Amino acid sequence: MSDQMVSDTASAPAVARRRGLSETWFAWLLIAPAVLFTAVIVAWPLLETVRLSFTDATINSESWVGLANYHELLGSAKFYVVVGRTFFWMALSVSLKLVVGLIGASLLAAAVPGRALFRALIMPPWVIPIAIGCIGWLWLYNGQFGFISGMGQRLGLLDGPFEFLAYKRSAFYSAIVTDVWVGTPMVSLFFLAAMQGVNRDLYEAAWVDGAGRWYRFRRITIPQIMPTIISMALLSAIWTFNSFDIIYILTQGGPRGGTTTMIIDAYKTAFGNYNLGEGATRAVAIVVLLGLFSLAYLNILNRVNRHYGVK
Amino acid sequence: MAPLQLQTVTKSFGAAQVLIGIDLAIHDKEFVVFVGPSGCGKSTLLRIIAGLDEATSGQIIIDGTDVSRLAPVDRGISMVFQSYALYPHLSVYENIAFPLRVQRLPEAEVKAKVARAADILQLTDKLPLKPGQLSGGQRQRVAIGRSIVRNPKVFLFDEPLSNLDAALRGDMRVELSGLHRDLSATMIYVTHDQVEAMTMAHRIVVLNAGHVEQFGTPMELYHHPATRFVATFIGQPNMNLVPATVLGTDAGGLAVELDGGPRLVLPVEPGAARSGDRVEVGIRPEHATLGDGIAMKVRVLERLGGVAITYGIMSSGQRFCAALHGDAAVAEGDTISVGVNPADCHVFGASGAVLRRLKAPVLAA
């Protein structure tokens, strides 16, 4: 009986040998569907984008131009403005999501009556389709009929109707607010889950030793959920960097480019002006920047995990 | 380093009464163990003393002060948790220093206090490490170190050894007893392990279903259990309880006939027992020896070297356990006879109350 079981568990390479396949080829055979799938969905479009970036492709013509697109892009002052704006967009939005998410999670973790209801109530921004949420915000930001402009006037904060999406600066911060509104619930839920995973004895031990609420939060909760904070910061940073739908629905990158981030720039170049080659160049720039960013971040994450005693 | 009194402490969760009128007076520098089966309320009682849970009614008095309404930190207690509750992100040094950091003591004072605790607990070379790099016993010591630096009036321990393996548990028992001697502090220790209770305690509180069954020294509990519950809870293997019928009483004791066994004259105060009453005779396995007396068929034999734990069944169907000499000439399947000294026997009335033994060993305490 046990001999039979041993030979069964050892049978995969044995089968391979019987069929005349080496173990390596058998392994390749097993992962082939996944490799094929990845190649079609990820690798081919990526390689095609890189190839296009060396051409001056438009809808109906294409010729090889070498590094000309890169020369042009890296030599353009406008590009650096867009890169700067993108990083500012990412840093501000992610910081707000983390801070608001942390406050939200702390409130949701508190033992108050009806907290299950509150936990359900924070979900809508994340659950409803972004397009629908954004249409709601378009209405809120509207100067003539919008709630915010109206309330601002009633409270005497605004002299007259204010079109939030009509000015470079206000449009940018309005888009940030909407992006934070969409992104915070998930961050909050992850933080809440991490907080609930902290051993309650730690809090009781600290309480016995005289640590107050804020002290316990600062010296137990924050360090204990730090790996989650770092992971959420990384993921949220990548999503926010590439956040397309919210900006495009609210402002299409305007007014006068005031909300044009790298991803919007790439889209408008490729599909607004049909300069597929130049658009691809911008897309490659995004991949490179995000790649470097992710590498740095993973490095930090590893160090943080080691520091906080997580394997 | 202070006496502690509990006055009619009760605790209810909704309709469920967890603790029923607990009265205890614990002396200064005493090592008291709360012992009892799961759910008896021993941990709840400890948490109420600590201030982590609030009593439904009653007072907790530490060193003459009613602390019942005070926050844990103001009660002069410190607590060691079953899970150790060490902060995984802090070094051993910072874990021990935690209560001092809360108090915002100057660095030099923190350093001196941590160094002293580490010295007592032999943790000095572990101070830079994280708890994750320590063994179970070392983590336990760090948790104790965190208690020591607070210099509390009363140390509270909630099943501190239950996460350790058997060998380490034995070592830590000895260490804790030594620590108690060195610190000469009042300590309250919760466990479900009667060996820990017997070996470490000055006095033991046996809790059952939310009330105190008995509060006394280990040997009092062993020789003079107040109730049937205490008698069976203390002692390993458990005391045999053999049903019997009272044949008669006189000043010298009680004559009984064990069901499926011999007649015995037991030197106990007969109290209200009358001829024909049903009682239970308690016989500790270690008091049974090969000899004339109770006949039983051996079912299972556990030879531990020094002793042979012999599990048998009497002709009445009653199970009986005898801890015989390690080399006793018995085998599974044998029918043997074991004798008992009547002076060693306990007698319990129908209500579970004990009839006082007249010839039990005189207790030193």
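Residues numbered from 1 in each chain as written. Chains lettered and ligands numbered in written order. Predicted model: local features only at pLDDT ≥ 70, side-chain atom pairs only at ≥ 80, totals over all residues.

The next thing to look at is unusual backbone geometry. Residue and element names in this part refer to chain B. The step from Gln236 to Pro237 runs through a cis peptide bond, and the omega angle for that step is -5°. For Pro237, the location among the structural elements is in the loop between α8 (228-233) and β11 (240-250). Phi angles above zero are rare outside glycine, and Tyr84 is one such case at about 75°. With respect to the secondary-structure elements, Tyr84 resides in the loop between β6 (77-80) and α2 (92-102). Given 23 C-beta atoms within 10 Å, Tyr84 falls into the buried group. A positive phi angle is found at Gln122, which is not glycine, with a value near 55°. What makes Gln122 exposed here is the crowd of 11 C-beta atoms within 10 Å. (Helix = DSSP H or I, 4+ residues; strand = E, 2+ residues; numbered from the N terminus. Buried ≥ 20, exposed ≤ 12 C-beta atoms within 10 Å, placed from the backbone.)

Here we come to the interface of chain B and chain A. Residue-level contacts link 19 residues of chain B with 16 residues of chain A. Elements that contribute at least two residues to the side of chain B that touches chain A include exactly β6 and α2 of chain B. At three residues, α2(B) tops the list of elements feeding residues into the side of chain B that touches chain A. Taken together, the residues of the side of chain B that touches chain A break down into twelve nonpolar, five polar and two charged. (Contact = placed C-beta atoms within 7 Å. Nonpolar A, V, L, I, M, F, W, Y, C, P; charged D, E, K, R; others polar.)

So, on to the pairing of strand β8 (residues 186-191) of chain B. Residue and element names in this part refer to chain B. Counted residue by residue, β8 has six buried out of six residues, so it is predominantly covered. As judged from the five bridges shared by strand β3 (residues 31-35) and β8, these two strands associate in the parallel manner. Considered in β8, the bridge of Val33 is made with Tyr189. Here strand β7 (residues 154-158) pairs with β8 via five bridges, running parallel. Paired with Val154 across the bridge in β8 is Thr186. (Pairing = 2+ DSSP bridges.)

Turning our eyes to something else, we now look at the packing of helix α14 (residues 262-272) of chain A against helix α15 (residues 276-307) of chain A. All names here are of chain A. At a closest axis distance of 7 Å, the pairing of α14 and α15 adopts a crossing angle of 160°. In terms of orientation, α14 and α15 fall into the roughly antiparallel class. For α14 against α15, the interelement crossing comes out left-handed. Contacts from Met262, Ile263, Asp265, Ala266, Thr269 and Ala270 of α14 reach α15 at Leu276, Glu278, Gly279, Ala280, Arg282, Ala283, Ala285 and Ile286. Residues that form the contact of α14 with α15 fall into these classes: nine nonpolar, two polar and three charged. (Axes fitted to C-alpha atoms, helices over the stretch in contact; angles between N-to-C directions. Parallel < 35°, antiparallel > 145°, perpendicular 65-115°, else oblique. Left-handed = near helix turned anticlockwise from the far one by under 90°.)

Another point: the domain arrangement of chain B. Residue and element names in this part refer to chain B. Partitioning chain B into structural domains gives domain 1 (4-228) and domain 2 (233-355). Averaged C-alpha coordinates put domain 1 and domain 2 at centres separated by 38 Å. Contacts between the two partners involve nine residues from domain 1, matched on the other side by ten residues from domain 2. When contributions to the side of domain 1 that touches domain 2 are tallied by element, the ones reaching two or more residues are α6 (194-200) and α7 (218-223). (Domains from an automatic or database assignment.)

What follows covers the sheet that holds strand β18 (residues 335-340) of chain B. Residues and elements named next belong to chain B. Taken in spatial order, the four strands of this open sheet run β17-β16-β15-β18, and their pairing is antiparallel. This sheet does not close on itself; its edge strands, each paired only once, are β17 (319-325) and β18. Strand-to-strand twist in this sheet, taken as the mean axis angle between neighbours without regard to direction, amounts to 50°.

The next thing to look at is the sheet that holds β11(B). Residues and elements named next belong to chain B. The sheet built from six strands is open, its strands ordered β13-β12-β11-β14-β19-β20 with antiparallel pairing. Looking at strand neighbours, the two that pair on one side only are β13 (263-266) and β20 (354-355), the edges of this open sheet. Relative to strand β14 (residues 278-283), β11 runs antiparallel, the two being bridged by six bridges. Considered in β14, the bridge of Leu241 is made with Gly282.

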